[in-house]
Amino acid sequence: MGAGLENQFRSVRELSTALVAPLSDADATIQSMPDASPAKWHLAHTTWFFETFVLRDHLEGYELFSQDWPFLFNSYYEAEGPRHTRAERGMLSRPSLAEVLDYREHVDAAMAPLFARPELADLIELGLNHEQQHQELLLTDIKHAFSRNPLGPIYAPRAGRTKPRREGGWRDHPGGIAHLGHAGNGFAFDNEGPQHRVLLEPFAMAEQLVTNGEWQDFIDDGGYRDAALWLSDGWSWVQQESRDAPLYWRDDEEFTLGGWRARDADAPVTHISHFEADAYASWAGHRLPTEFEWEALAQGEDRDGGVQLDDPAQADGSVHPHGSDSLFGDCWQWTRSAYLPYPRFKTAEGAVGEYNGKFMSGQAVLKGASCATPRGHSRASYRNFFYPHQRWQFTGLRLAKDL
């Protein structure tokens, strides 16, 4: 286990470093909105996680790289004390990107003797999955930052190709009692369990994600102007924010990690809020799936399918939905399910217990994986979650209907 875990650790950590290779110190410092974080903050925060919960607590004689940095790079762990205001992370012109990279090297070297200790394997694996989440956030956050620049900077130039669109059908499910949630084999976050029984009515889910072209039809038909299609909070959001298209749309173009590109009608639509996804489903005469319906159909599906993030060479303009036949990949898919604890859920003891449980209020569950999700990170039981108005992540939708 020790050698395998160490190899996994090196691979994940190297990918994070590779993702910032195209960025200048200024690129890695900016914060375009309170929901986003600077790229170098992601690098430092994921390192703080290992330094704090593994090295500080389990390596005798370990000394912090800097006594001041835990204040800067703690995210939301109340048990770890006060921290720098989230909305002002972009004010941290110092430490520099180079210093943060030195911090990573220091912590990585100190971790070496700990991989042989089996009692730490679960904690280290949690830290690696935590870092993979931040790898996706790093990409989506720098995309948002670059989109605010009138020059439309290019993160990296190569662009992938969209899979030719085919007419999609429906995948039927007969309903019945389903055993859902993580069953205890392999890694999972605490919010994925315990496994429990859910009664499903017969339903069907679309084989294909909704595309840009289909979304344009929704716009052309007045979808953003018809209050009857929207949830009350969603309609208020549309009016207050003057929304009339997905994030990053401009005329016939959309902003990508490869800069401004002509919008492909056959590519899956992305960067939409839960409010928009629900309104589109109503317009189409269908609905969003529940998280339980989605998981029931995804059990046994290849979690590595679809467009996902594979290696640093792909971290460029091809990190974009291109379409596939998989339930996974391309875009995280909004469900109609509120993010709530499963029956018998218990928060873990200590600071790591703050990881998921305290956010189970006012958010909606997304399933699958996106083009920016490291391949192998997700699974059928995985529960992503965001507030209904948020859309800077690679979020899309797949329709469902009752049978």
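Residues numbered from 1 in each chain as written. Predicted model: local features only at pLDDT ≥ 70, side-chain atom pairs only at ≥ 80, totals over all residues. Heavy atoms only, no water.

Enquirer: It is not clear to me how the pairing of strand 8 (residues 332-338) should be interpreted in this structure. Could you clarify?
Expert: Each regular strand carries side chains that alternate between the two faces of the sheet. Most of strand 8 sits inside the fold, with 5 of its 7 residues counted as buried. Looking at chain direction, strand 8 and strand 9 (residues 364-368) are connected through 4 bridges and run antiparallel. From the neighbouring strand, A338 faces strand 9, where its bridge partner is A364. Where strand 8 meets strand 11 (residues 395-396), 2 bridges bridge the pair, whose relative direction is parallel. Within strand 11, the residue paired with Q333 across the bridge is G396. (Buried < 20%, exposed > 50% of the residue type's maximum accessible area, 1.4 Å probe, protein only. Helix = DSSP H or I, 4+ residues; strand = E, 2+ residues; numbered from the N terminus. Pairing = 2+ DSSP bridges.)

Enquirer: I keep staring at unusual backbone geometry and nothing clicks. Help me out?
Expert: Leave glycine aside and you will find that most residues have negative phi; peptide bonds, for their part, are mostly trans. A cis amide bond links R94 to the next residue, P95, at an omega of 5°. Relative to the helices and strands, P95 is located in the loop between helix 3 (69-73) and helix 4 (97-111). Cis geometry marks the peptide bond from G193 to P194, where omega comes out at 0°. Topologically, P194 is positioned in the loop between strand 2 (176-180) and strand 3 (196-200). Even without being glycine, S242 reaches a positive phi, approximately 55°. Inspection of the secondary structure puts S242 in the loop between helix 7 (232-241) and strand 5 (249-250). Here S242 falls in the exposed class, since its relative accessible area comes to 60%. Even without being glycine, R344 reaches a positive phi, approximately 75°. Note on placement: R344 falls in the loop between strand 8 and strand 9. Taking the relative accessible area as the measure of exposure, R344 reaches 58% and is therefore exposed.

Enquirer: Hey, could you run me through a negative patch on the surface in this one?
Expert: Taken together, the side chains of D217, D220, D221 and D226 define an acidic patch exposed on the protein surface. Here D221 is to be found in the loop between helix 6 (212-220) and helix 7. (Patch = residues over 30% accessible without salt bridge, like charges linked within 9 Å, V, L, I, M, F, W, Y side chains within 5 Å. Areas by Shrake-Rupley, 256 points an atom, 1.4 Å probe, with all protein chains shown as cover. Salt bridge = Lys/Arg side-chain N within 4 Å of Asp/Glu carboxyl O. Lys, Arg positive; Asp, Glu negative; His and termini not counted. Charge placed at Lys NZ, Arg CZ, Asp CG, Glu CD.)

Enquirer: What is the right way to read the sheet that holds strand 8 from this model?
Expert: Two modes of strand pairing occur in sheets, parallel and antiparallel, and in both the strands are linked by backbone hydrogen bonds. Spatially, 4 strands are ordered 10-9-8-11 in an open sheet, and the strand pairing comes out mixed. Each having just a single partner strand, strand 10 (384-386) and strand 11 make up the two edges of the open sheet. Bridge analysis of strand 9 against strand 10 gives 3 bridges, and the strand direction is antiparallel. Of the residues in strand 10, the one forming a bridge with A364 is F386.

Enquirer: Would you explain the packing of aromatic side chains in this entry?
Expert: Aromatic rings in a pair are described by how distant their centres are and how their planes are angled relative to each other. As enumerated under the stated definition, the model contains 31 aromatic pairs in all. Consider the rings of W69 and F73, whose centres lie 5.7 Å apart with planes at 85°: the pair is edge-to-face. Separated by 4 residues within a single helix, W69 and F73 lie in helix 3, roughly one turn from each other. An identical accessibility class is assigned to W69 and F73; each is buried. (Phe/Tyr/Trp six-rings, centres within 6.5 Å; stacked < 30°, edge-to-face > 60°.)

Enquirer: Just to check I follow, could you spell out helix 9 (residues 291-298) for this structure?
Expert: In an α-helix, one full turn covers 3.6 residues, which means residues spaced three or four apart are oriented alike. For helix 9, the buried fraction is high: 7 of the 8 residues fall into the buried class. Considered for burial, the residues of helix 9 that qualify are E291, E293, W294, E295, A296, L297 and A298. Trailing helix 9 by a residue or two, G300 shows a phi angle of about 90°, which is positive.

Enquirer: For this particular structure, what's the right way to read the packing of helix 6 against helix 8 (residues 274-283)?
Expert: Angle between the axes and distance between the axes: these two values describe a pair of packed helices. The geometry of helix 6 relative to helix 8 is characterised by a closest axis approach of 11 Å and an angle of 80° between their N-to-C directions. On the basis of the axis angle, helix 6 is roughly perpendicular to helix 8. Seen from helix 6, the contacting residues are E214, W215, D217 and F218; seen from helix 8, they are E276, A277, A279, Y280 and W283. Looking at side-chain class alone, the contact of helix 6 with helix 8 contains 6 nonpolar, no polar and 3 charged residues. (Axes fitted to C-alpha atoms, helices over the stretch in contact; angles between N-to-C directions. Parallel < 35°, antiparallel > 145°, perpendicular 65-115°, else oblique. Contact = heavy atoms within 4.5 Å. Nonpolar A, V, L, I, M, F, W, Y, C, P; charged D, E, K, R; others polar.)

Enquirer: How should I be thinking about the layout of surface pockets in this particular structure?
Expert: Left-over empty space is what a probe sized like a water molecule reveals as it rolls over the atoms. Here the largest pocket is characterised by a volume of approximately 830 Å³. In terms of lining, the largest pocket is formed by 35 residues, of which the most central are Y76, R86, L137, F385 and F386. When residues of the lining of the largest pocket are traced back to their parent elements, those giving at least two are helix 2 (39-58), helix 5 (121-147) and strand 10. Of the residues forming the lining of the largest pocket, the biggest block, 6 residues, is contributed by helix 5. (1 Å grid on protein atoms, 1.4 Å probe; cavity = no way out; pocket = protein on both sides within 12 Å on 5 of 7 lines; lining within 4 Å. Points joined across faces, edges and corners; volume = space filled by probe spheres on them.)

Enquirer: Looking at this structure, how should I read the nonpolar core?
Expert: Generally speaking, soluble globular proteins have nonpolar side chains that are buried together. In this structure, M111, I124, Y155, W215, W230 and L397 are the most contacted members of the largest nonpolar core, which totals 90 residues. Apart from residues lying up to four places away in sequence, L397 is in contact with L209, V210, W215, V269, I272, A277, Y280 and L288. In this structure, V198, M205, W294 and F328 belong to the second largest nonpolar core, which totals 13 residues. (Core = buried A, V, L, I, M, F, W, Y, C linked by side-chain atoms within 4.5 Å.)

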